[in-house]
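Summary of the model geometry
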Amino acid sequence: SFQNLSPLTPNKCNEIIPQNQTQIRVLQWNLLSQTLGINNDNFVCCPDEALHWNRRRYLLTEEIIKYSPDIICLQEVDHFKYLKKTLATQGYEGMFFPKPDSPCMYIKDNNGPDGCAIFYLADKFEFVQKETRILEVWRVQSNQVAIITILKDKHTGEELCIATTHLKARSGALLAALRNEQGKDLLDFVSAHASDRPVILCGDFNAEPTEPIYSTVLNHQALRLSSAYGYGGCEPPYTTWKVRQEGEVCHTIDYIFYSKDKFKVVDVLQFPTGDDIGQGRVPSMSYPSDHFSLVCDLRFNNLEISNS
Ligand code: NDP
Ligand code: CA
C-alpha cells in the first residue's frame, strides 16, 4: 500500500482513489557511486566507515524500497548486479547503461564503470522497448549517457516513456553550455522514441534552475514538460548538500520532468532539513548519498474524472 509522502506543496490531494491504478510513483536518485564516493569525492565531514559498501548498500536499498516506487531512475550506479538481485526480491526488473569512459575505471579496486539505471515494478508494467544513447555535443559523443524505456501499464493499457540521464558535472559557463547541448541531444532522443506517449524524464542534470538546460527542457515544443518539484516556477532550495574541502555545496541539480498535458502531480516527498542531516551534511552514517531521493506521485489526467 502507498504511504503518504510529506508534501512540499500546500495543495496536496487527499482524495481517496484507487491510487496504484491511476497513479505512478517515481523515485529519482543519484545514489553516489561506491568507487567515486570512497576515492574521488573527498567529503571532508563524512566518516570513512559511513562509505563502506557493506554498510551503505543496506541504506541504499532501504531508501529505494521504503517508498514503494513504481519507477526508479538512478545515476552513478556501479553495483547494478547487487541492485538487480536485491530489487528483484521486491518485484522490480531493471536495466543499466554505463558511461563509455567512466572515471571509476581509473581507480584501483573499482567495481566497473558507473552509469544510469531504470527499474520498474514488473507486476504493474510490461516491458516494451529499451533504447540507450551516448549523448552527443555538436555531433561528437560525450562521456554522458541516457536510457529510455517504453513500458505498458498493465491495468490501463497506456504506454509510457521513461528516460534518465546524468549530465556532465562541474561549474562554469563553458560546462553549462556543454550541458545545454547534451540536454538538446537528450530531448531529441526522448521525443523521437516517445512519439505521443506520456514522458517521465528524471536525472541528475548537474545544473541549477538558472542554467540554460533547465529552460531548454521546459520550453521543448513537442515534449511539453513540467518539473514535479518546481511548482509555481520555484524549485526546492537543494537536492544535494555536501561539505568538500572548498566548502559547503548546497543546490538543486536533480529533477523529475513529466508531460504536463498527461499528468498531474499529486504529491512530492519533502527532503530532510539541515537540522535533520546535521552539520556534516551528507553522505553520513544515516544518509548513503550526497544527493537526496526525489519521489513524486503522478496521476493520469485522462483518468481523473472516471476514477474520482
Ligand atoms: P564528470 O565531470 O561528469 O564527473 C564525474 C563524477 O565526478 C560525477 O559523478 C560527479 O558527481 C563527480 N564530481 C563532481 N564534482 C566533483 C568534485 N568537486 N569532486 C569530486 N567528484 C566530483 O566527469 P566525466 O564523466 O566527464 O569523466 C571524467 C573524465 O575524466 C573521464 O572521461 C576520464 O577519461 C577522465 N578521467 C581520467 C582519469 C585519469 O586518471 N586519467 C581519472 C578520472 C577521470 P555529481 O554528478 O554528483 O556532481
Ligand atoms: Ca557524484
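Residues numbered from 1 in each chain as written. Chains lettered and ligands numbered in written order. Predicted model: local features only at pLDDT ≥ 70, side-chain atom pairs only at ≥ 80, totals over all residues. Heavy atoms only, no water.

On to the overall build of the protein. Helix and strand content of the protein: eight helices and 14 strands. Relative to a compact globule of 308 residues, whose C-alpha radius of gyration would be 19 Å, the protein shows 18 Å and is just as compact. Expressed along its principal axes, the backbone C-alpha trace of the protein runs to roughly 55 × 45 × 35 Å. In the protein, buried positions account for 54% of the 308 residues. A separation threshold of at least 6 residues defines the contact pool for the protein, and within that pool the share at least 24 residues apart is 74%. When the accessible surface of the protein is split by element, carbon and sulfur atoms take 48% of a total near 13600 Å². (Helix = DSSP H or I, 4+ residues; strand = E, 2+ residues; numbered from the N terminus. Rg over C-alpha atoms; globule rule 2.2 N^0.38 Å. Buried < 20%, exposed > 50% of the residue type's maximum accessible area, 1.4 Å probe, protein only. Contact = heavy atoms within 4.5 Å. Areas by Shrake-Rupley, 256 points an atom, 1.4 Å probe, with all protein chains shown as cover.)

Taken as a whole, the largest pocket encloses approximately 920 Å³ of empty space. Lining the largest pocket we find 33 residues, and of these D41, A169, R170, N206 and R244 sit closest to its centre. Those elements giving two or more residues to the lining of the largest pocket turn out to be β6 (140–153), β10 (240–244) and β11 (247–251). Along the lines of polarity and charge, the residues of the lining of the largest pocket split into eight nonpolar, 11 polar and 14 charged. (1 Å grid on protein atoms, 1.4 Å probe; cavity = no way out; pocket = protein on both sides within 12 Å on 5 of 7 lines; lining within 4 Å. Points joined across faces, edges and corners; volume = space filled by probe spheres on them. Nonpolar A, V, L, I, M, F, W, Y, C, P; charged D, E, K, R; others polar.)

Taken together, the protein ligands of the calcium ion (ligand 2) are E76 (OE) and E76 (OE), with distances of 2.1 to 3.1 Å. For E76, the location among the structural elements is in strand β2 (residues 71–77). (Donors = N, O, S within 2.8 Å, 3.2 Å for Na, K, Ca; no water.)

The next subject is the packing of aromatic side chains. The tally for this structure, following the rule as stated, stands at 15 aromatic pairs. Judged by centre distance (5.1 Å) and plane angle (35°), the ring pair of F263 and F300 falls under tilted. With F263 in strand β13 (residues 263–268) and F300 in strand β14 (residues 294–300), this pair connects stretches of sequence that are 37 residues apart. Assessed through its relative accessible area of 2%, F263 is described here as buried. Seen from their ring centres, F271 and F292 are 6.0 Å apart, and the 20° between their planes marks the pair as stacked. (Phe/Tyr/Trp six-rings, centres within 6.5 Å; stacked < 30°, edge-to-face > 60°.)

The next point concerns the site of ligand 1. The immediate surroundings of ligand 1 are formed by 19 residues, with E76, K99, D101, H166 and K168 found nearest. For ligand 1, an oxygen atom lies 2.4 Å from a polar atom in the side chain of D101. Starting from 930 Å² of accessible surface for ligand 1 in isolation, the protein chains cover 72%. The cavity that encloses ligand 1 is the largest pocket. Grouping the constituent residues of the shell around ligand 1 by class yields four nonpolar, seven polar and eight charged. (Near = heavy atom within 4 Å. Polar contact = N/O pair within 3.5 Å; in protein donor to acceptor, adjacent residues only side chain to side chain. Sits in = over half its atoms within 2 Å of the grid points.)

Here we take up the pairing of β6. Of all the 14 residues making up β6, 10 are buried; the element is thus mostly covered by neighbouring parts of the structure. As paired strands, strand β5 (residues 125–137) and β6 are joined by 11 bridges and run antiparallel to one another. Looking across to β6, one finds that E131 is bridged to I148. Counting the residues in the hairpin turn of β5 and β6 gives two residues, including W138, whose phi is positive at 50°. Inspection of the sheet shows β6 paired to strand β7 (residues 159–166) by seven bridges, in the antiparallel sense. (Pairing = 2+ DSSP bridges.)

Looking now at helix α5 (residues 173–194). Taking 1.5 Å as the rise per residue, α5 with 22 residues should run 32 Å; its terminal C-alpha atoms sit 31 Å apart, in good agreement. In this structure, the buried residues of α5 make contact with β5, β6, β7, β8 (199–204), α6 (212–218) and β9 (225–227). Looking one or two residues beyond α5, the residue adopting positive phi is S195, at roughly 40°. (Expected span 1.5 Å × (residues − 1).)

Turning our eyes to something else, we now look at the sheet that holds β2. Taken in spatial order, the six strands line up as β3-β4-β2-β1-β14-β13 in an open sheet, and their pairing is mixed. Sheet topology places β3 (92–98) and β13 at the edges, where each strand pairs with a single neighbour. In this sheet, neighbouring strand axes are inclined to one another by 20° on average, regardless of whether the strands run parallel or antiparallel. Bridging between strand β1 (residues 23–30) and β2 involves five bridges; their strand directions are parallel. Residue pairing in the sheet places V26 in a bridge with I71 of β2. Packed on one face of the sheet, helix α3 (residues 53–65) meets β1 and β2 and runs near 155° to β1. Sheet strands touched by helix α4 (residues 80–88): β2, β3 and β4 (115–121). Its angle to β3, the strand with the most contacts, is close to 170°. (Axes fitted to C-alpha atoms, helices over the stretch in contact; angles between N-to-C directions.)

Note that all results are geometric; they support no functional claim without further evidence.
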